[in-house]
Every structure is written in C-alpha cells, then in structure tokens.
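# Structure assessment
Given next are the chains, with one letter for each unit.
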Amino acid sequence: MEAGEAKKRIEKLRAAIEYHNYLYYVLDAPEISDAEYDALMKELLALEAAYPQFVTADSPTQRVGGAPAEAFRTVAHPLPLLSLNNAYDTGELMEFDRRVKKQTLAEPLTYVGEQKIDGLTVALLYQDGVLVQGATRGDGLRGEDVTANIRTIRSIPLKLREKIPGRVLVRGEVFMTRDSFQELNRERERAGQPLFANPRNAAAGSLRQLDPGVTATRPLDAFFYDLLLWEGAASTFPATHWEAQALLKEWGLKVNPYSRLCASIEEVVEYCREWEEKRSTLPWEIDGVVVKVNSLALQERMGTTAKAPRAKIAYKFSPEEAFTRVREIQVNVGRTGVLTPLAILEPVRVGGSTVGRATLHNEDFIREKDIRVGDVVVIRKAGEIIPEVVRVVPEHRTGTEKPFIMPARCPACGAAVYREPGEAAVHCLGASCPAQQKEKIIHFASKNAMDIAGVGPAVVNLLVDKGLIKDAAGLYDLTAGDLVGLERFGAKSAENLLAAVERSKENPPERLLFALGIRHVGEEMARRLVGHFRDLDRIFTATREELVAVPEIGEAIADSIRRYMEEAQNREFLERLRRAGLKFKAEEREAVAEPLEGKTFVLTGALAAFTREEAEEALRGLGARVTSSVSKKTDYVVAGENPGSKYQKAMDLGVPVLTEDEFLRLLADLRATEREASQRRDN
DNA sequence: AGGCCTCGAGTTCA
DNA sequence: CTCGAGGCCT
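Rules used throughout
Residues numbered from 1 in each chain as written. Chains lettered and ligands numbered in written order. Predicted model: local features only at pLDDT ≥ 70, side-chain atom pairs only at ≥ 80, totals over all residues. Heavy atoms only, no water. Pairing = 2+ DSSP bridges. Helix = DSSP H or I, 4+ residues; strand = E, 2+ residues; numbered from the N terminus. Contact = heavy atoms within 4.5 Å. Axes fitted to C-alpha atoms, helices over the stretch in contact; angles between N-to-C directions. Near = heavy atom within 4 Å. Polar contact = N/O pair within 3.5 Å; in protein donor to acceptor, adjacent residues only side chain to side chain. Nonpolar A, V, L, I, M, F, W, Y, C, P; charged D, E, K, R; others polar. Parallel < 35°, antiparallel > 145°, perpendicular 65-115°, else oblique. Left-handed = near helix turned anticlockwise from the far one by under 90°. Salt bridge = Lys/Arg side-chain N within 4 Å of Asp/Glu carboxyl O. Buried < 20%, exposed > 50% of the residue type's maximum accessible area, 1.4 Å probe, protein only. Domains from an automatic or database assignment. 1 Å grid on protein atoms, 1.4 Å probe; cavity = no way out; pocket = protein on both sides within 12 Å on 5 of 7 lines; lining within 4 Å. Points joined across faces, edges and corners; volume = space filled by probe spheres on them.

Right, let's talk about the sheet that holds strand β2 (residues 86-87) for a bit. One open sheet accounts for 5 strands, arranged β2-β11-β10-β3-β9; its pairing is mixed. The open sheet has two edge strands, β2 and β9 (260-262), and neither has a second partner. Here strand β3 (residues 111-117) pairs with β9 via 3 bridges, running antiparallel. Along β9, the bridge assignment pairs Gly113 with Arg260. Running at roughly 175 degrees to strand β11 (residues 312-316), helix α3 (residues 90-103) makes contact with β2, β3, β10 (286-293) and β11 of the sheet. Along the sheet, helix α9 (residues 265-278) makes contact with β3, β9, β10 and β11, crossing β3 at roughly 20 degrees.

So this is what it looks like as structure tokens:
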C-alpha cells in the first residue's frame, strides 16, 4: 500500500473505531460484534506498525479504556487498575514463563490460572469492613462511581464477615450468567424494549443504570480476583496470590471456584486448553484465562509496564466468531441424492480449530443470507464443533462477488435435478449416479450399520473408480487378487479388509436393514421393525396395513419401505446379499427378564467404563429404551464426564440424573437379581 | 389443528 | 448439534 493511501485508511479506521467505542462504552448499544470491532482494531494496529510516522497520541490504539458516561461521578482509584498483556497462543505463554524465570530467585515458582470472565471490571473499597465505594475500571486511573448500583448486587457483601480495620481495595468482575441474560432478553422482548447483544453488554448496561432501582431488578453477579490494598496490614498481608484468594473468600467475597494453582507453565497450558474446550459448558462467558505469578513478592519485583503488570498475562481464546472469505461454493451429492452446497473458505481459526469449509444447507439458506462467492462472511461454531455461516458482511463487497446458482444438472452424473414444491432439498434424478452409489456403500459399511472396518470414503472411491464394485453387495465378491496391487493395498491390508467383510455377515438383521438406507428407516426404526417381524422377508412382503400396525410406523414410513421393494434393482440387490450369506432372520431370543422395560434413558458425557454404544447395548438388553433427547418422558439421564446440554435440560425438567457410579450399581443390582431368579428357575 | 416427542439425515475437525 | 419431518395424543 502506498503511504498516502495508508494514511487515509488509518484515519478512516480511527473514526470508525471511535464511533464504535462510543456506542459500546458510553451508550452500551454496539452496532457491530466484538469480532468485527477487533478486526478493525487489528487492521489499524497493523497499519500503524507498518507506518509508524502516522501514529498519533489520540489514536484509539493508544488509549486504555473508554470514556466514562457523564451522568456518573468520576472517582480516582486509590491504585491504578492496570490492564493485562495478551497471549494468543501457547508459545507466547512459554515466552512469558521465560521472562518470569529470569526474575525468579530461590523461591519456588508457581502460577495461578483463573477464568477470564467476559464482564466488566470493578474496584470495591471497604473502610473498616464496610463497603463505601464501588467503581468501574474506566481508563484505569479514574472510573465511574457506581456504589449505589453495586450495593444492589446480592452476591456482593455490604460488610465483610469480619471487621478489617483500615481501607481494603479489591478488584473483581461483574457479570451476568447466560441463563439470566436470556431470561432478561425474553422479558425485554415482551415489553418491546431493545435487546442486549450479549451477557457482557447486559451486565454493563445494568450496572450503569442511573436509577439503582433498575439495577436491583437485574440478575448481576460478581467474582473477586485481587486484593489490591490492605492498609495497616503489612505484617499479615498474604505472601501469595493463592492465599489472598482464600482470604477474600473468608471475608465473604465470592471467588471463582475453578481457579487452579499450577506447579509449572505446562500445567498452566493444560488449564488453558481445558477451559478453551469446556468454555461453553459454563454458566457464564469467559474469553480467556488469566495467568498470574503466585508469589506476591515476585509480582512486586517484576513490576509493571505503563499499562500492565509483568507478572500476569491474559491468554485469549481464539474468538468464537471470525471473518473469512468464501472461495468457492461446491455442490456435493449425498446418499439420498440430495444436492448440498458447501462453502470452501479461506482457512481461519475459530473456537479453537481451523475451519476451511461450512455447509450452506440448501438453496433457500443461501438466498436468505445472500451469500455469494467472494463474500466476506462471519463464521461461528454451532455447538462444539460444526461451523456455520452466520451472515455476510456487505460492507466488504467489491462488486465482483458472484451469486450462487444451483446447477440444473447433477455435478456427479449429469442427470437432471428436481426440487419437490414445498421442499427445501434438490434431488439428483440419476438412477445410477456414481456419487449416490458411493455414499450408499459408505453408509452400508459404516460403524453403526455393517461396521466393515477399512471401507471408508477413500477405499470406496478407489473400488468404484476401478470398477471392482458397483454397489455394497459387490463387497462380498471381492477377492485378494482384486485388491493386492491397488495403490495403498498390500497383502496385509487386503487380508484385513476381506476379514472385516467376512465378519460383517454375522451382523443381526436390524443392522442390515439400517444399512440398506431406506428412506425414513434409520437405526431405531430398523430395530423396531425387526423386533416386531423378526425376519426381513416378512417386512418386505408385509402389506401397508401390517406395517402401520407396528407402533411408531406410520404411512410415510410404510410407503417408503413398499416403494423400496417395488424397485426390481433393489430386490435383485437383496438377493445377492442373501446369497452372500447375510442374516435375514433374527436369532431366536431367549425369554430374558427385562427389568427396565418401559423405562427411557438418555446418556450424556463420556463414561469411563464403557463406550456410549456399550452402555446403550447394556440398557437395551435390560429392556430399556435409549433416546437422544431429554423430555418429560425421560426416566433417567446418565451423566458421564463433561456432560452436554442434556444435563442442564434434565435439571430443568426435574429428571433424575445418575452419575456413572450410580449407573454401574444399578446395572450390577439388576444383574444380581436376574442371576438369583435364574438359579431359582434352574432348581 | 396443534403440541409434544422422537427419529433421520447431514454436518466438521483432530 | 441442529434442523425438519413423521407419529401420536389431545
């Protein structure tokens, strides 16, 4: 970029940032997301670094905080409330550790890791144990006097639990939980008031109400992190940050229960990693981890720079939202023939991983969001893993972006495509579309279907392209001679694959039924159908009425099964599977007691003694149903390690939650009673 | 017809 | 995980 141009861009960015600062800090009504704001700031920082001659004292990059609103009295903090330097990856944490170690003398070096709450910083002043002042951080030197509002927060003590002579200054973070935030927004929506963008803004807006009566109705909460000042206590002042935390807790100030004392930087890194992963399970939002040298003497010795202490650092999580550009929109064909557009993105880090693709679902989704090739878009993680395109940023349009048009022919086989009126999906009409065939084979061999290890997307592609198989039945005709010599196939891998194919013949018929991929017949319906008819041939020859008579099987499912069987190609396919020796008939079942019959279980989180599948299997063996979502009809939720949202749902609905131990005991008890019963039978 | 509840299908990255 | 849609109950 040429210098004159850079200068113009710098000025434009500054004006924009100032404007958004004002909206954010003064009016508490931001128009853009934090991520967008950060992007503006980052661009400005980069330009100023490249052109230092244009840096001015009043640039927003030189300012520590925002301007205080006029209505509150400003007060000077007894000690400056510094901000923190940031680390954006573990490498920067290691560098921090090296800097700390240079200053360490004989004392053992330990750190404290704390969640960095996304709220707003406050400083509370207690005089002889009584709360006399509460102030926002402001620019770090002077903040706003919000004492009256602070007093309304229930978790903040107006008096410390013991009388502490002299002045005590503590630093904390006021925040709102996600649940409270949503509840507040629901109320505001009902009342026709503007909504808060996120919990942070809701907390800030609530604390900065001119009328403390309003603040009192807002569900604010607070954690306290630092004892900044304790006058006249030189001899009793704690030696470490960890002890200071304990002291605050003793005094009745709420401290974050997840803080951790770490013996090394490696433990700190582990702590950061852990919370970056689990952040979404917390009731409050965190945007990073604050790392502090535990020894207060060492903190003192390391001192501060103009704006931040050298003995502390904030490890910032990668943002949950990020910007990137749509390079291309691909169209994939699934096993049901549905054409699914997929955005190929410039890789970008978001929510702890690098994202390069995101589904665009269907034509309507793209039209609604007006996503075009070349657009800059906002990406977010839906749930823990799956990235989604939130919206486009039209400001970044240059006019060269190309709108997406759903192809009129299947990109895999060239057949015409068809969209049922009223349906979102576009289907490929090609009867032997290779993309569809491949997806069907992959599904057939997948874990929950026939579980043929070694037959995944890559191998299926290879086998179909080489003309070795045309459908899943072809797998059972493969010979070692077909495979050996193929790229990435040696004698051993060929043998393994054939063994896996052979083993799959023993699968029970419900797996086979599911593997066929009949529309509306998933794992659960396959189990029910086999449970009822016991034989695939009986299912395929059943009349519509007989099918509908099965609980949970309605007309749509019955018709889908009949339609499948009317297709000559499918009937022939089934005969080939039969000849290969696959099981069409269910094993005779012994009449086992089903003590959990009629009970519905939901599993969440990871169990230590089982995989999820094994636990489900064990429950089904006892007659229980295992479903995937919690409702009023759920009898028990079994919660393992790191339970997901289902745990919360269970609590909300008052469904009993079993720990893994309780669950294991339940199984053991039931099996014991079962054994006794069968012994009595034998006698 | 509407309101559950559950299942099916598609989804990404390490 | 999140949609959308099927099935069943009121």
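What follows picks up the thread again.
Our focus in this paragraph is the protein's contact with DNA strand B. Close to DNA strand B lie 28 residues, the nearest being Thr336, Thr340, Leu342, Ile386 and Gly522. The sugar and phosphate moieties of DNA strand B supply 92% of its atoms located within 4 Å of the protein. Between DNA strand B and Thr336, the relevant distance is 2.7 Å, taken from a phosphate oxygen to a side-chain nitrogen or oxygen of the residue. Within the backbone of Glu524, one N or O atom sits 3.2 Å away from a phosphate oxygen of DNA strand B. The element best represented in the surface near DNA strand B is strand β14 (residues 353-359), accounting for 7 residues. Across the surface near DNA strand B, the residue classes tally to 8 nonpolar, 11 polar and 9 charged.

Here we come to the packing of helix α12 (residues 434-445) against helix α13 (residues 457-465). Running from N to C, α12 and α13 cross one another at 130 degrees; their axes reach a closest spacing of 10 Å. If you check the angle between α12 and α13, you find them oblique. The handedness of the crossing between α12 and α13 comes out as right-handed. Contacts from Lys438, Ile441 and Ile442 in α12 reach Pro457, Val460, Asn461, Val464 and Asp465 in α13. Residue composition of the contact of α12 with α13, by class: 5 nonpolar, 1 polar and 2 charged.

Here we take up the sheet that holds strand β22 (residues 625-627). Taken in spatial order, the 4 strands line up as β22-β21-β23-β24 in an open sheet, and their pairing is parallel. Each having just a single partner strand, β22 and β24 (657-658) make up the two edges of the open sheet. Sheet strands touched by helix α23 (residues 645-653): β21 (600-604), β23 (636-639) and β24. Its angle to β21, the strand with the most contacts, is close to 135 degrees.

So, on to the pattern of salt bridges. A side chain of one charge can pair with a side chain of the opposite charge if their charged atoms are brought near each other. Applying the stated criterion across every chain, the model contains 36 salt bridges. Lys492 is the salt-bridge partner of Glu495, the closest N and O atoms lying 3.7 Å from each other. Pair noted here: Glu495 and Lys492 are both in helix α15 (residues 491-504), with a separation of 3 residues, about one helical turn. A relative accessible area of 53% means that Lys492 is categorised as exposed. With its nearest N and O atoms 3.9 Å apart, the salt bridge here joins Arg528 to Glu552. A residue pair is termed long-range when its members are at least 10 positions apart, and Arg528 in helix α17 (residues 523-533) and Glu552 in the loop between α19 (544-548) and α20 (555-566) qualify at 24 residues. Given a relative accessible area of 55%, Glu552 falls into the exposed group. The network of salt bridges with shared partners includes Glu114, Asp226, Lys292 and Lys312.

A separate point is the domain arrangement of chain A. Once the domains are mapped, chain A shows domain 1 (3-62), domain 2 (81-316), domain 3 (321-403), domain 4 (434-579) and domain 5 (600-682). Put simply, the middle of domain 3 and the middle of domain 5, counted by C-alpha atoms, are 39 Å apart.

With that settled, the discussion passes to the layout of surface pockets. Roughly 1,800 Å³ of internal volume is contained in the second largest pocket. Lining the second largest pocket we find 44 residues, and of these Glu510, Glu524, Arg527, Glu617 and Arg620 sit closest to its centre. Contributing elements (two or more residues each) for the lining of the second largest pocket: α16 (509-515), α17, α22 (612-621) and β22. A breakdown of the residues in the lining of the second largest pocket according to their chemical character gives 12 nonpolar, 8 polar and 24 charged. Looking at which domains feed residues into the lining of the second largest pocket, each of domain 4 (434-579) and domain 5 (600-682) supplies at least three.

In contact at an axis separation of 5 Å, α20 and helix α21 (residues 568-579) are set at 80 degrees when each is read in the N-to-C sense. Taken together, α20 and α21 sit at an angle that is classed as roughly perpendicular. Residues Tyr564, Met565 and Glu566 of α20 lie in contact with α21, whose contacting residues are Ala568, Asn570, Arg571, Phe573 and Leu574. Each residue belonging to the contact of α20 with α21 can be placed in one class, and the counts come to 5 nonpolar, 1 polar and 2 charged.

The environment of DNA strand C is formed by 11 residues, the closest being Glu552, Gly554, Glu555, Ala556 and Ile557. At a separation of 2.7 Å, a phosphate oxygen of DNA strand C approaches a polar backbone atom of Gly554. Note that a phosphate oxygen of DNA strand C is positioned 3.4 Å from one of the backbone N or O atoms of Ala556. For the surface near DNA strand C, the secondary-structure elements that each account for two or more residues are α20 and α23. The dominant element in the surface near DNA strand C, judged by the number of residues it contributes, is α20, at 3 residues. Classifying every residue of the surface near DNA strand C by side-chain character gives 4 nonpolar, 4 polar and 3 charged.

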